[in-house]
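Coordinates in review
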Amino acid sequence: MSGDLSPIDKAKFVAARRAAEFVEDGMRVGLGTGSTAAWLVRCLGERVREEGIRFRGVPTSTRTAELAREVGIEVVSLEEAGWLDLTIDGADEFDGELSLIKGGGGALLQEKIVATASDQMVVIADAAKSVETLGAFPLPVEVIPFGWTASQALLEEALVSMDVLGRQTTLRMNGDQPYHTDEGNYILDLHLSRIGNPRQMALILNQIPGVVENGLFIDICDKVVIGYGDGKVEVRDINAGTVDEDRVDFVEDDNLFRDV
Ligand SMILES: O=C[C@H](O)[C@H](O)[C@H](O)COP(=O)(O)O
């Protein structure tokens, strides 16, 4: 039940619940990955059950696809959907320009493809994800397994010329094995502490052989819905230049909270 949630989970929940209201009948919607996006999927499932809204969801990971089906959302592939009206996803960090770090959950590649194939991308996040400068959260870079150590060496070399504080890179692990993305790739986490020029970094990283995609989302996000543990939500719209405040009630719905 919602009363058992930590303040961070409450913040994620209220952001997700507010953003779930952006989905309208007939839309094609990108569904993000991660703990905040999982709340969104549950809230959308609730809207399908309670209000009977109908929309098609394009998941950004196998995890999200499973949850979406479980809660009654019609799941289609991006190829079937063609183009999306809206994508709603979490983030690991966002700055004042709504540049993002994503990929903490390993889904950055599908997330970036889905978000850029959408008319609008909305990020949902607890307030702790808001930063002045990106980079405290390690930046995920997806690389193909073939020759990954060579890609890592080239990445580290490229970092020397960039405006960052740290330069350590680590292979993401799953126990004693490398972590595999849904595409069967590896992830290198870049411990940079501070990314002075995210735009330049995003371009340079993707030119390194073996790099498939990086977790910097620049000029992709249109809106962020920031949740707080007390139920407050703030909606920042970068295009309109507006900041709106709202409140979301916690609900005692067993269907929503049963798997938490
Ligand atoms: O790969 C995962 C995604 O980019 C997530 O959206 C991001 O890691 C945020 O996840 P969470 O909502 O669990 O903090």
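First things first, this report covers the structure right here in the doc. What you see is a predicted model, and the numbers here were worked out from it, not measured in a lab. All chains use their own residue numbering, which begins from 1 and follows the written sequence. Residues qualify for local features only when their pLDDT is at least 70, as the model is predicted, and side-chain atom pairs are given and counted only at 80 or more; totals for whole chains, interfaces and linings, by contrast, use all residues. Hydrogens and waters are ignored; side-chain quantities use all the structure's heavy atoms.

1. Some thoughts on the nonpolar core
Soluble globular proteins: nonpolar side chains tend toward being buried together. The test is simple: By nonpolar core is meant a set of buried Ala, Val, Leu, Ile, Met, Phe, Trp, Tyr and Cys residues that side-chain atoms within 4.5 Å join together. Only protein chains enter the accessibility calculation, which uses a 1.4 Å probe. A residue is then buried if its area is under 20% of the maximum for its type, exposed if over 50%, and partly exposed in between. Strands here are runs of E lasting at least two residues and helices are runs of H or I lasting at least four, both read from the DSSP assignment and numbered beginning at the N terminus. Contacts between residues were defined by any pair of non-hydrogen atoms, one from each residue, lying within 4.5 Å.
If you look at the biggest cluster of nonpolar residues, it comprises 33 residues, and the most contacted ones within it are L40 and V225. Those elements that provide at least two residues to this core are α1 (7-20), β1 (28-31), α2 (35-51), α3 (62-70), β4 (86-89), β7 (121-126) and β16 (232-237). Those residues in contact with V225, other than ones at most four positions away along the chain, are A15, R18, A19, F22, V122, V123, I124, A125, V233, E234 and V235. One finds V141, L155, Y186 and L216 within the second-largest nonpolar core, a separate group that totals 23 residues.

2. As for the site of the ligand
Selection rule: Neighbouring residues are identified by heavy atoms, a residue being near a molecule or strand if any of them is within 4 Å of it. Polar contacts, as counted here, are pairs of nitrogen or oxygen atoms within 3.5 Å of one another; within protein the pair requires one atom able to donate a hydrogen and one able to accept it, and residues that are adjacent in sequence qualify only if both atoms are side-chain atoms. Using a 1.4 Å probe, the Shrake-Rupley method yields the accessible areas, and only the shown protein chains count as cover for residues. Using protein atoms alone on a 1 Å grid, points that fit a 1.4 Å probe yet trap it form a cavity, whereas open point sets bounded by protein on both sides within 12 Å along at least five of seven lines form a pocket; residues with an atom within 4 Å of a point count as lining. Those molecules having more than half of their atoms within 2 Å of a cavity or pocket grid point set are described as sitting in that cavity or pocket. Each residue gets one of three labels, nonpolar for Ala, Val, Leu, Ile, Met, Phe, Trp, Tyr, Cys and Pro, charged for Asp, Glu, Lys and Arg, and polar for the others, Gly among them.
Surveying the vicinity of the ligand reveals 17 residues, the closest of which are S35, T36, D92, G103 and E111. A distance of 2.8 Å is found between an oxygen atom of the ligand and a backbone nitrogen or oxygen belonging to G103. Between the ligand and E111 there is a distance of 2.7 Å, counted from an oxygen atom to a side-chain nitrogen or oxygen. In the complex, 91% of the free accessible area of the ligand, which totals 380 Å², lies under the protein chains. Applying the majority rule of atoms within 2 Å of the grid points places the ligand in the second largest pocket. Of the residues in the shell around the ligand, the class split is two nonpolar, nine polar and six charged.

3. A few points about the packing of aromatic side chains
Applied cut-off: Ring geometry is summarised as follows: Phe, Tyr and Trp rings, the Trp one being its six-membered ring, pair when their centres sit within 6.5 Å, and such pairs are stacked at plane angles under 30 degrees, edge-to-face over 60 and tilted between the two.
For the structure shown, the criterion picks out two aromatic pairs. Summarising the aromatic geometry, the rings of F13 and W39 are spaced 5.3 Å apart at their centres and angled 75° between planes, so their arrangement reads as edge-to-face. With F13 in helix α1 and W39 in helix α2, this pair connects stretches of sequence that are 26 residues apart. Note on W148 and Y186: the rings are 6.2 Å apart at their centroids and 75° apart in plane angle, and the pair reads as edge-to-face. Separated by 38 residues along the polypeptide, W148 in helix α6 (residues 148-159) and Y186 in strand β12 (residues 186-191) bring together distant segments of the chain. Assessed through its relative accessible area of 22%, W148 is described here as partly exposed.

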